[in-house]
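Topology and contacts: notes
So you can see what is in the structure, the chains are spelled out below.
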Amino acid sequence: MARPGAQNGRPPASPVRSVFPCHVALWGSSGSLVVTDPGSGAWGFQTSQPDGELDEAQKLLKKEQVDALTLEDVIREYSIDRIDLLKLDIEGSEVEVFASSSGWIDRVDAICVELHDRFRPGCSRAFFAAVCDLPVEVRHGLSTLVVRDEKQLNAPNPRSTESVKP
C-alpha cells in the first residue's frame with residue numbers, strides 16, 4: 001500500500017519481488033475514502049469515509065479521495081495463499097480492518113502493527129479481538145508483533161543463512 005501523493009499518482013516500484021505497491025487505502029470494506037493530512041506530514045495521513053465529492057475547500061485542507069480495498073481484496077487480486085508477516089501502520093484504520101478480519105486472519109502467520117488509539121479510540125480493542133489465535137505477543141516501542149507460533153520468532157529464513165532475533 002502506498003501513501004497518498006505518490007509521484008504521478010503511482011507509487012514507486014518495489015525492489016522486492018513479493019511486494020506490490022498500490023495507490024489505495026486499506027479499509028474494512030471496498031469503496032472510496034478521503035485521505036487527510038492532519039498536519040503531521042507524510043507519516044500521519046488518516047482515512048475516513050467521504051461525505052460526498054471533495055470541494056475546493058477540502059482540497060486546500062490537503063484532502064484527497066482514494067480507492068479503498070480490504071485485505072481480502074488484496075489476497076484475491078494477487079492470489080496470495082499465505083502471509084508470513086503482515087506489517088501495518090494505517091493511522092487509525094485498524095478499527096475497520098480488524099473488525100472485518102474473519103475472512104483473512106487465518107492466512108496470516110504474524111502481524112506487526114502500530115496501534116493508533118491516540119488518533120482513533122478502539123484500534124487496540126479491534127486488533128486484539130481479531131488476533132486471539134496468535135498467542136505470542138512482543139512489544140517494542142510503538143509496535144506490537146503477534147505470532148501464531150513461537151517457533152517462527154527464530155525460524156531460519158529460507159532466503160538467508162541467519163535467523164530472526166526478537
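To keep things clear, this report deals only with the structure shown in the data block. This is a predicted model, so every value here is computed, not measured.

**Details of the overall build of the protein**
Counting its secondary structure elements, the protein contains four helices and eight strands. Each of the 166 residues in the protein was classed as buried or not, and the buried ones make up 36%. For the protein, contacts bridging at least 24 residues in sequence account for 56% of all contacts bridging at least 6. In the structure as shown, the protein presents an accessible area of about 10400 Å², 52% of it carried by carbon and sulfur atoms.

**Quick look at unusual backbone geometry**
Of note, S79 is a non-glycine position whose phi angle comes to about 50°, a positive value. Structurally, S79 can be placed in the loop between α2 (71–77) and β5 (86–88). Located in the positive-phi region is E91, a residue other than glycine, with phi close to 45°. On the secondary structure map, E91 appears in the loop between β5 and α3 (94–99).

**Some points on the pairing of strand β2 (residues 31–36)**
The pairing of β2 with strand β4 (residues 63–69) spans six bridges and is antiparallel. When the sheet's bridge partners are listed, G31 is paired in β4 with A68. Two strands pair when backbone bridges link them, and β2 and strand β3 (residues 46–48) are joined in this way by three bridges, in the antiparallel orientation. Considered in β3, the bridge of V35 is made with T47.

**Topic: the nonpolar core**
Here is a general trend for soluble globular proteins: nonpolar side chains tend to be buried in one another's company. Counting 22 residues, the largest nonpolar core has L86, L88, F98, W104, I111, F127 and V131 as the members making the most contacts within it. Where this core is concerned, the elements lending two or more residues are α2, β5, α3, β6 (110–114) and α4 (123–130). When near neighbours in sequence (up to four residues on either side) are disregarded, W104 contacts L71, E72, I75, L86, V97, F98 and I111. Residues A25, L33, V35 and V66 belong to the second largest nonpolar core, which totals seven residues.

**Structural notes on α4**
The complete set of buried residues in α4 reads C123, A126, F127 and A130. One side of α4 carries all its buried residues, which in axial view fall inside an arc of 95°. Opposite the buried face of α4, by more than 90 degrees, sit the exposed residues R125 and A129. Considering only its buried residues, α4 is in contact with α3, β6 and β8 (143–147).

**Re the pairing of strand β7 (residues 136–140)**
Pairing of β7 with β8, which is carried by five bridges, proceeds in the antiparallel orientation. Across the sheet, the residue bridging to V138 is L145, located in β8.

**Considering the sheet that holds β8**
Ordered by their spatial adjacency, four strands build an open sheet running β5-β6-β8-β7, and the pairing between neighbours is mixed. Every other strand in the sheet has two partners, leaving β5 and β7 as the edge strands with one partner each. Strand-to-strand twist in this sheet, taken as the mean axis angle between neighbours without regard to direction, amounts to 15°. Sheet strands in contact with α4 are β6, β7 and β8, and its direction is about 15° off that of β8.

Reading the values: the criteria
- Residues numbered from 1 in each chain as written.
- Predicted model: local features only at pLDDT ≥ 70, side-chain atom pairs only at ≥ 80, totals over all residues.
- Heavy atoms only, no water.
- Helix = DSSP H or I, 4+ residues; strand = E, 2+ residues; numbered from the N terminus.
- Buried < 20%, exposed > 50% of the residue type's maximum accessible area, 1.4 Å probe, protein only.
- Contact = heavy atoms within 4.5 Å.
- Areas by Shrake-Rupley, 256 points an atom, 1.4 Å probe, with all protein chains shown as cover.
- Pairing = 2+ DSSP bridges.
- Core = buried A, V, L, I, M, F, W, Y, C linked by side-chain atoms within 4.5 Å.
- Arc of directions from axis to C-beta.
- Axes fitted to C-alpha atoms, helices over the stretch in contact; angles between N-to-C directions.

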